[in-house]
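Residues per chain, in single letters:
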Amino acid sequence: DKYGTPLKLSYLPKIGMQINKAKQMFANAFKKHKYEGEYFYCYCTKSSHFSFVVEEALKHNIHLETSYAYDIEIIKKLYARKKINKETYIICNGFKQKTYTKRIAGLINSGFKNVIPVLDN
């Protein structure tokens with residue numbers, strides 16, 4: 001009340017519970033509809049850039065989605081800290097400004113095998 005801002009709490013175990021819930025929902029739907037494809041959960045880095053949140057999500061065998069040039073720097077840091085590898089899917093969503101496309105190309109050229117730029121503009 002004093003400062004007019006909300007209080008935000010991050011309960012880390014809930015992150016994994018929600019990821020596993022989504023995975024189970026897709027598994028059930030795949031089974032029900034006899035769908036033979038695969039599902040890859042991708043955490044959107046814009047949801048929270050905090051390393052403790054992203055690293056908690058990564059404990060649950062997931063992949064990542066970026067939406068801005070800055071997010072590519074997060075990917076590089078995660079790789080340097082051995083939190084992801086060059087096989088991790090990196091879905092590059094969002095408006096493709098020149099800086100963003102250069103950084104996406106940099107990931108691909110440095111050996112990331114599953115970078116998927118979404119061409120939407």
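These notes cover the structure that comes with them. (Residues numbered from 1 in each chain as written. Predicted model: local features only at pLDDT ≥ 70, side-chain atom pairs only at ≥ 80, totals over all residues. Heavy atoms only, no water.)

1. Quick notes on the packing of aromatic side chains
Here's step 1: Scanning the model with the defined rule gives six aromatic pairs in all.
Here's step 2: Consider the rings of Phe50 and Phe52, whose centres lie 5.6 Å apart with planes at 20°: the pair is stacked.
Here's step 3: Here the aromatic rings of Tyr79 and Phe112 are separated by 5.4 Å at their centres, their planes lie at 65°, and the arrangement is edge-to-face. In this pair, Tyr79 sits in helix α3 (residues 69–80) while Phe112 sits in the loop between α4 (98–109) and β4 (115–117), placing the two residues 33 residues apart along the sequence.
Here's step 4: By relative accessible area, Tyr79 is classed as partly exposed at 35%.
Here's step 5: The exposure class assigned to Phe112 is buried, which follows from its relative accessible area of 6%.
Here's step 6: Taken together, the ring pairs connect Phe26, Phe30, Tyr35 and Tyr39 into an aromatic cluster. (Phe/Tyr/Trp six-rings, centres within 6.5 Å; stacked < 30°, edge-to-face > 60°. Helix = DSSP H or I, 4+ residues; strand = E, 2+ residues; numbered from the N terminus. Buried < 20%, exposed > 50% of the residue type's maximum accessible area, 1.4 Å probe, protein only.)

2. Regarding the pattern of salt bridges
Here's step 1: Taken as a whole, this structure holds five salt bridges when the rule is applied.
Here's step 2: Ionic pairing is found between Glu55 and Arg81, a salt bridge with its closest N-O pair at 2.8 Å. Residue Glu55 is found in helix α2 (residues 51–58), and its partner Arg81 is found in the loop between α3 and β3 (90–92); the two are separated by 26 residues along the sequence.
Here's step 3: On the basis of relative accessibility, which here comes to 16%, the residue Glu55 falls in the buried class.
Here's step 4: The shortest N-O distance in the salt bridge between Glu56 and Lys59 comes to 3.2 Å.
Here's step 5: A relative accessible area of 63% means that Lys59 is categorised as exposed.
Here's step 6: Each of the salt bridges in this network shares a partner with another, and the network as a whole consists of Glu55, Arg81 and Lys83. (Salt bridge = Lys/Arg side-chain N within 4 Å of Asp/Glu carboxyl O.)

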